[in-house]
Amino acid sequence: MQHRPTSIDYDGLLECARGEMFGPGNAQLPMPPMLMMDRITEISADGGPHGQGHVVAEFDIKPDLWFFPCHFVGNPIMPGCLGLDALWQITGFNLGWRGMKGRGMALGVGEVKFTGMVTPETRLVRYEVDMVRVIDRKLKIGRADGRMYADDVHVYTALDMKVGLSQD
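Predicted, not measured: the structure shown is a model, and the values here were computed from it. Per chain, the residues get numbers from 1 upward, laid out in the order the sequence is written. In keeping with the model being predicted, local features are shown solely for residues with a pLDDT of at least 70 and side-chain atom pairs are shown and tallied solely at 80 or more, while totals for entire chains, interfaces and linings include all residues. Excluded from the side-chain calculations are hydrogens and water; all other atoms, namely the structure's heavy atoms, are used.

Student: What should I look at first to understand the environment of Arg137 in this one?
Tutor: With respect to the helices and strands, the residue Arg137 is situated in the loop between β5 (124-136) and β6 (140-150). The class of Arg137 is exposed, set by a relative accessible area of 56%. Measuring from C-alpha to C-alpha, the distance between Arg137 and Leu165 comes to 9.8 Å, with 28 residues separating the pair along the chain. Helical segments are the DSSP runs of H or I of at least four residues, strand segments are the runs of E of at least two, and each set is numbered from the N terminus. Between buried and exposed lies partly exposed: a residue is buried under 20% and exposed over 50% of the maximum accessible area for its type, with that area taken using a 1.4 Å probe on protein chains only.

In structure tokens, the structure reads:
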């Protein structure tokens, strides 16, 4: 990828999900409905508080999203695991965007805290990931801290997330 855009629209996210953005066998986002964002508004390799890169993405919440009717009947909320997965998704996207090769995989998370929820009344979710360390060896690893906001209210924190890219 010669030119690295600093924002990606929905069509670009789908291009990545189809394996077209970084090439076959390299980092991909999941296809909808597991794609948990509508756009990446900022991405860098040297921004953020650690100078290791960052990503900001947004997800437009619609009351008819697939998970609300089943989680939970009479008390619809977005499953916490989907928000965490979104933070892993954009951490791995940052590695692919940098030009690193290999298939992505979540490797773990140190700590997750939920302090709020996403409901059908929520309009916008914003994800912020700050890369803490990027290791570019045979196994590429991104370590990052992430936050999720529902209508600008901080609702999730994920510390010490690890995502890898492997060519094996």
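There's plenty left to go through after this.
Student: Quick question: what am I supposed to make of the layout of surface pockets here?
Tutor: To locate leftover empty space, one rolls a probe as large as a water molecule over the atoms. Lining residues are defined by having an atom within 4 Å of a point belonging to a cavity or pocket. Those points lie on a 1 Å grid over the protein atoms alone, cavities being sets where a 1.4 Å probe fits but cannot get out and pockets being open sets with protein on both sides within 12 Å along at least five of seven lines. Grid points are joined across faces, edges and corners, and a volume is the space filled by probe spheres set on the points. Its boundaries defined by the atoms lining it, the largest pocket holds a volume of some 230 Å³. Every residue lining the largest pocket is counted, 16 residues in all, and those nearest its centre are Gln28, Trp88, Gln89, Gly104 and Met105. Contributions of two or more residues to the lining of the largest pocket are made by α2 (80-97), β3 (103-108) and β7 (153-166). Only Asp, Glu, Lys and Arg are considered charged in this grouping, and only Ala, Val, Leu, Ile, Met, Phe, Trp, Tyr, Cys and Pro are considered nonpolar; every other residue, Gly among them, is considered polar. Partitioning the lining of the largest pocket into residue classes produces 11 nonpolar, 4 polar and 1 charged.

Student: How do you make sense of the nonpolar core when you look at a structure like this?
Tutor: Note that soluble globular proteins tend to have their nonpolar side chains buried in a common cluster. Nonpolar core, defined: a set of buried Ala, Val, Leu, Ile, Met, Phe, Trp, Tyr and Cys residues in which side-chain atoms within 4.5 Å join the residues together. Met37, Ile40, Met78, Phe93 and Tyr127 are the most contacted members of the largest nonpolar core, which totals 47 residues. Every element with two or more residues in this core is listed here: α1 (10-17), β1 (39-44), β2 (54-60), α2, β5, β6 and β7. Broken down by element, this core gets its largest block of residues, 9 residues, from α2. Note on contacts: a residue pair is in contact if any heavy atoms of the two residues lie within 4.5 Å. When residues no more than four places from it in sequence are discounted, the contact partners of Ile40 are Ser7, Ile8, Leu13, Val55, Val56, Ala57 and Phe93.

Student: Looking at this structure, how should I read the pairing of β7?
Tutor: Working note: regular strand, side chains alternate between the two faces of the sheet. DSSP calls a pair of strands paired once it identifies at least 2 bridges connecting them. Note that β3 and β7 share 5 bridges and pair antiparallel. Among the inter-strand pairings, Gly108 is bridged to a residue of β7, identified as Lys162. In terms of strand pairing, strand β4 (residues 111-114) meets β7 through 4 bridges, oriented antiparallel. Opposite Val112, over in β7, you have Ala158 as the bridge partner. Strand direction decides the pairing type here: β6 and β7, joined by 10 bridges, are antiparallel. By the bridge assignment for β7, Ile141 is matched with Gly164.

The quantities given are spatial measurements derived from coordinates; they are silent on function.
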